[in-house]
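Spelled out, the chains give:
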Amino acid sequence: MSTRQLTANSRQSTAHPKTVTMTIDGKAVRVSEGASVLDAARQAGVHIPTLCHHEALEAWGGCRLCVVDVTRQGWDGWCKLVVSCMYAAEDGLIVLTDTDRVKLTRKVVLDLLLARCPETPLIQELASRHGIDRTSYQANPEPTDCILCGLCTRVCDHIGVSAISTVDRGIGKQVAPPFHQAPPDCIGCLACAEICPTSCIPYETSDTRRVIWEKSFEMVRCPQCGRAHITQEQARHYAGRGGVPASYFDTCDACKRRQLASTFTKLQVVQGGAR
Ligand code: SF4
Ligand code: SF4
Ligand code: FES
């Protein structure tokens, strides 16, 4: 290989990350290597329903609602049912999101979820879109809105706290802090409540206090705009991870951005005057 070819190839490999090409419901789509079938479907504008997936978190594959059939040219029509949020996009893959088997599997998932959460609007609506108005299983005598998607516990792990987890089994399975007591590690960031697709984690927040998981937090008020924007525990947690003093987080993000913009403007004026 000549030096020129080598240089050209190296440049090509840095400039263009490897891609894979596949079809989804007949549409050709090219995605970066490492993307999932779900990512590819979203890129192609093909809707696949999901309940436990969030772009900010690693795929978990818990709800099984995102199942699709996959096949290849050489498979003689044989198809494999896979979980699209966990299955890697591959060159030549043929994805089918609307086969009878896919529809039936999603129906079973939603039927079971409707039995657990018969009064939850999100599940009622999804089930109805899949042709289920009433569960064919015995409905939970103590309805809950928790669909056990695991997003709350995973986001809490992701921020490095792990204050909550799933406890108990069967229909009694639920998300809770250890021993159902106010979790000592919780920093009151509300990430779990905000990510919950059924909004079933209650909390209260005001200018002075925040309460979640029955733990009460004092708020930090921005010295510039006066807004209560973070709990003291959050400030300490972020400071510990970022290696900066907790007081760095006293000022809210909006005021920090304003400060930065004003510093840049002053600098530009000074530089303009010096020219
Ligand atoms: S509010 Fe508490 S439990 Fe919820 S994500 Fe934040 S630290 Fe975890
Ligand atoms: S509380 Fe919400 S986020 Fe957590 S598992 Fe239940 S439904 Fe999912
Ligand atoms: S979204 Fe894929 S398993 Fe839940």
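Computed from a predicted model, the values in this text were never measured in an experiment.

Asks: What exactly am I supposed to notice about the overall build of the protein here?
Replies: In terms of helices and strands, the protein carries eight helices and 11 strands. Whereas a compact globule of 275 residues would reach a radius of gyration of roughly 19 Å, the protein reaches 25 Å, over 25% beyond that. C-alpha atoms of the protein, sized along the principal axes, occupy 75 × 70 × 30 Å. The burial tally for the protein puts 38% of its 275 residues in the buried class.

Asks: Whenever I open this one, the site of ligand 1 confuses me. Can you help?
Replies: Close to ligand 1 lie C156, V161, A163, I164, C186, I187, G188, C189, L190, C192 and W213. In the shell around ligand 1, the residues fall into 10 nonpolar, one polar and no charged.

Asks: Could you clarify how one ought to interpret the nonpolar core in this entry?
Replies: Soluble globular proteins tend to pack their nonpolar side chains together in the buried interior. Formed by 38 residues in total, the largest nonpolar core has its most connected members in L51, I201, I212 and W213. Those elements that provide at least two residues to this core are helix 3 (100–116), helix 4 (121–129), helix 5 (151–158) and helix 6 (191–195). When neighbours within four sequence positions are excluded, I212 is seen to be in contact with C186, G188, L190, C192, A193, I201, P202, Y203 and F217. Judged by nonpolar contacts, the second largest core, of 24 residues, contains M22, A35, A41 and V46.

Asks: Which parts of the structure should I look at to understand the site of ligand 2?
Replies: Looking at ligand 2, the residues that line it are C146, I147, L148, C149, G150, C152, V175, C196, P197, T198, C200 and I201. Among the residues forming the shell around ligand 2, the class breakdown is 10 nonpolar, two polar and no charged.

Asks: So what exactly am I meant to see when it comes to the domain arrangement of the protein here?
Replies: Interface size is commonly expressed as the accessible area that is lost once the parts come together. Taken domain by domain, the protein holds domain 1 (21–129) and domain 2 (151–259). Between domain 1 and domain 2, the C-alpha centre-to-centre distance is 32 Å. Listed as interface residues are 11 residues of domain 1 and, on the opposing side, 10 residues of domain 2. Together, the buried faces of domain 1 and domain 2 total about 780 Å²; carbon and sulfur atoms form 63% of this surface. When the buried area of domain 1 at its contact with domain 2 is split by residue, L57, R116 and L122 rank highest and sum to 52% of it. Seen at the junction of domain 1 and domain 2, the total is zero salt bridges. Between domain 1 and domain 2 we count three residue pairs in polar contact (both at pLDDT 80 or more) in total. Classifying every residue of the side of domain 1 that touches domain 2 gives six nonpolar, three polar and two charged.

Asks: Looking at this model, I keep getting lost on the pairing of strand 2 (residues 27–32). Mind explaining?
Replies: In the case of a regular strand, side chains alternate between the two sheet surfaces. As paired strands, strand 1 (residues 19–24) and strand 2 are joined by six bridges and run antiparallel to one another. Directly across from M22, in strand 2, lies its bridge partner V29. The loop that links strand 1 with its antiparallel partner strand 2 comprises two residues; one of these, D25, has a positive phi angle of about 50°.

Asks: Is there a simple way to explain a nonpolar patch on the surface in this structure?
Replies: Together, L104, V108, L112 and Y137 line one region of the surface with nonpolar side chains, adding up to about 370 Å² of accessible area. Residue classification places Y137 among the partly exposed positions, given a relative accessible area of 40%.

Asks: Explain the environment of D168 here, please?
Replies: If you trace the backbone, D168 turns up in the loop between strand 6 (165–167) and strand 7 (174–176). Sequence-distant contacts of D168, that is, excluding residues within four places in its chain, are made with K173, Q174 and H180. At 3.5 Å, the side chain of D168 and the side chain of Q174 are in polar contact.

Asks: What am I meant to see in helix 7 (residues 232–242) here?
Replies: Along an α-helix, a turn takes 3.6 residues, which lines up residues three or four apart on a common side. Along helix 7, the residues that are buried comprise Q234, A235, H237 and A239. Check the buried side of helix 7 and you find it contacts strand 9 (209–212) and strand 11 (228–231). One or two steps after helix 7, the chain reaches G243, where phi turns positive at roughly 70°.

Asks: What's the story with the sheet that holds strand 10 (residues 215–221) in this structure? I'm lost.
Replies: Pairing between the strands of a sheet is mediated by backbone hydrogen bonds and can be parallel or antiparallel. Strand order in the open sheet made by the four strands is 8-9-10-11, with antiparallel pairing throughout. The two strands at the open ends of the sheet, each matched to only one other strand, are strand 8 (203–205) and strand 11. Taking the axes of each pair of neighbouring strands and ignoring which way they run, one obtains an average angle of 30° across the sheet. Relative to strand 9, strand 8 runs antiparallel, the two sharing three bridges. Bridge assignment links E204 to a residue of strand 9, and that residue is V211. Sheet strands touched by helix 7: strand 9, strand 10 and strand 11. Its angle to strand 11, the strand with the most contacts, is close to 60°.

Quick notes on the rules
Residues numbered from 1 in each chain as written. Chains lettered and ligands numbered in written order. Predicted model: local features only at pLDDT ≥ 70, side-chain atom pairs only at ≥ 80, totals over all residues. Heavy atoms only, no water. Helix = DSSP H or I, 4+ residues; strand = E, 2+ residues; numbered from the N terminus. Rg over C-alpha atoms; globule rule 2.2 N^0.38 Å. Buried < 20%, exposed > 50% of the residue type's maximum accessible area, 1.4 Å probe, protein only. Near = heavy atom within 4 Å. Nonpolar A, V, L, I, M, F, W, Y, C, P; charged D, E, K, R; others polar. Core = buried A, V, L, I, M, F, W, Y, C linked by side-chain atoms within 4.5 Å. Contact = heavy atoms within 4.5 Å. Domains from an automatic or database assignment. Buried area = accessible area lost by both parts, 1.4 Å probe. Salt bridge = Lys/Arg side-chain N within 4 Å of Asp/Glu carboxyl O. Polar contact = N/O pair within 3.5 Å; in protein donor to acceptor, adjacent residues only side chain to side chain. Pairing = 2+ DSSP bridges. Patch = residues over 30% accessible without salt bridge, like charges linked within 9 Å, V, L, I, M, F, W, Y side chains within 5 Å. Areas by Shrake-Rupley, 256 points an atom, 1.4 Å probe, with all protein chains shown as cover. Axes fitted to C-alpha atoms, helices over the stretch in contact; angles between N-to-C directions.

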